Amino acid sequence: MATEIEEFLPDSAFLIDRQAKDWRDAIRLAGKGLEESGFTTSAYTDEMIATVEKMGPYIVIAPGLALAHSRPSEAVLHTGLSWVRLSQAVAFGNKANDPVSLVIGLAGRDENEHLQVMSAIAKALSNPKANAALKSAASAEEIRAILSE
């Protein structure tokens, strides 16, 4: 899976210890990682924000973790991920899982790829040991190594 992770999560997709003033800002950072990696256009970032505005903070899938995404669209150029660790957690409005300090941006070209990447990430994040290690990982290489285990 290491090559897959590197393909979907290149160095340019990592934004570590960044500041966000609110959840929209946090999603913009995730969108920036997707854009800078060539996975999406800026329109996809707007789509991710609009999804939360319309559907609520369902993207906050675990304590401290948001999986920012929207439906596959023309704004998605390639399937990929971005990884944003915030220096200070922000509220998304999800009582059970706020505040959020890790935002993973997910762009899927089609439903199948979208679900494939999402399940790979969910599997890694459901492992408590891996999850704890991800919170303190200092580099892109370290994070990818944990996700590949």
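Scroll up a little and you will see the structure.
Now for a look at the structure at hand. (Residues numbered from 1 in each chain as written. Predicted model: local features only at pLDDT ≥ 70, side-chain atom pairs only at ≥ 80, totals over all residues. Heavy atoms only, no water.)

## Quick look at the environment of Val60
Consideration 1: Mapping Val60 onto the fold places it in strand β2 (residues 60-62).
Consideration 2: Given the relative accessible area of 3%, Val60 is considered buried.
Consideration 3: Setting aside chain neighbours within four positions, we find Val60 in contact with Leu65, Ala66, Phe92, Asn94, Asn97 and Val100. (Helix = DSSP H or I, 4+ residues; strand = E, 2+ residues; numbered from the N terminus. Buried < 20%, exposed > 50% of the residue type's maximum accessible area, 1.4 Å probe, protein only. Contact = heavy atoms within 4.5 Å.)

## What about unusual backbone geometry?
Glycine aside, the phi torsion of most residues is negative, and most peptide linkages are trans.
Consideration 1: Residue Asp98 is joined to Pro99 through a cis peptide bond whose omega torsion reads -10°.
Consideration 2: Turning to its location among the elements, Pro99 is positioned in the loop between β4 (80-90) and β5 (100-107).
Consideration 3: In this model, Asp17 sits at a positive phi of 55°, which is unusual for a non-glycine residue.
Consideration 4: If you trace the backbone, Asp17 turns up in strand β1 (residues 14-18).

## Description of the sheet that holds strand β3 (residues 65-69)
Consideration 1: Taken in spatial order, the five strands of this open sheet run β1-β4-β5-β3-β2, and their pairing is mixed. Strands with a single pairing partner mark the edges of an open sheet, and in this sheet they are β1 and β2. Between one strand and the next, the sheet's axes are offset by a mean angle of 20°, whatever the strand orientation.
Consideration 2: Bridge analysis of β3 against β5 gives five bridges, and the strand direction is parallel. Looking at the pairing, Ala66 lines up with Val103 of β5. (Pairing = 2+ DSSP bridges. Axes fitted to C-alpha atoms, helices over the stretch in contact; angles between N-to-C directions.)

## Quick look at helix α2 (residues 23-36)
Consideration 1: In a regular helix each residue adds 1.5 Å, so 14 residues correspond to 20 Å; α2 covers 20 Å between its end C-alpha atoms and thus fits that length.
Consideration 2: Here α2 has its buried residues at Trp23, Ala26, Ile27, Leu29, Ala30, Gly31, Gly33 and Leu34.
Consideration 3: For α2, the secondary structure elements touched by its buried residues are β1, α3 (42-55), β3, β4 and β5.
Consideration 4: A distance of 3.1 Å separates the backbone nitrogen of Arg24 from a side-chain oxygen at the start of α2, and that oxygen is part of Asp22.
Consideration 5: With its phi angle positive at about 80°, Gly38 sits one or two positions after the end of α2. (Expected span 1.5 Å × (residues − 1). Polar contact = N/O pair within 3.5 Å; in protein donor to acceptor, adjacent residues only side chain to side chain.)

## Here we look at the packing of helix α5 (residues 128-136) against helix α6 (residues 140-148)
Consideration 1: α6 packs onto α5 with a crossing angle of 175° between their chain directions and a minimal axis gap of 10 Å. Accordingly, the angle class assigned to the pair α5 and α6 is roughly antiparallel. Between α5 and α6, the residues in contact are Ala130, Ala133 and Leu134 and Ile143, Ile146 and Leu147, respectively.
Consideration 2: Of the residues in the contact of α5 with α6, the class split is six nonpolar, no polar and no charged. (Parallel < 35°, antiparallel > 145°, perpendicular 65-115°, else oblique. Nonpolar A, V, L, I, M, F, W, Y, C, P; charged D, E, K, R; others polar.)

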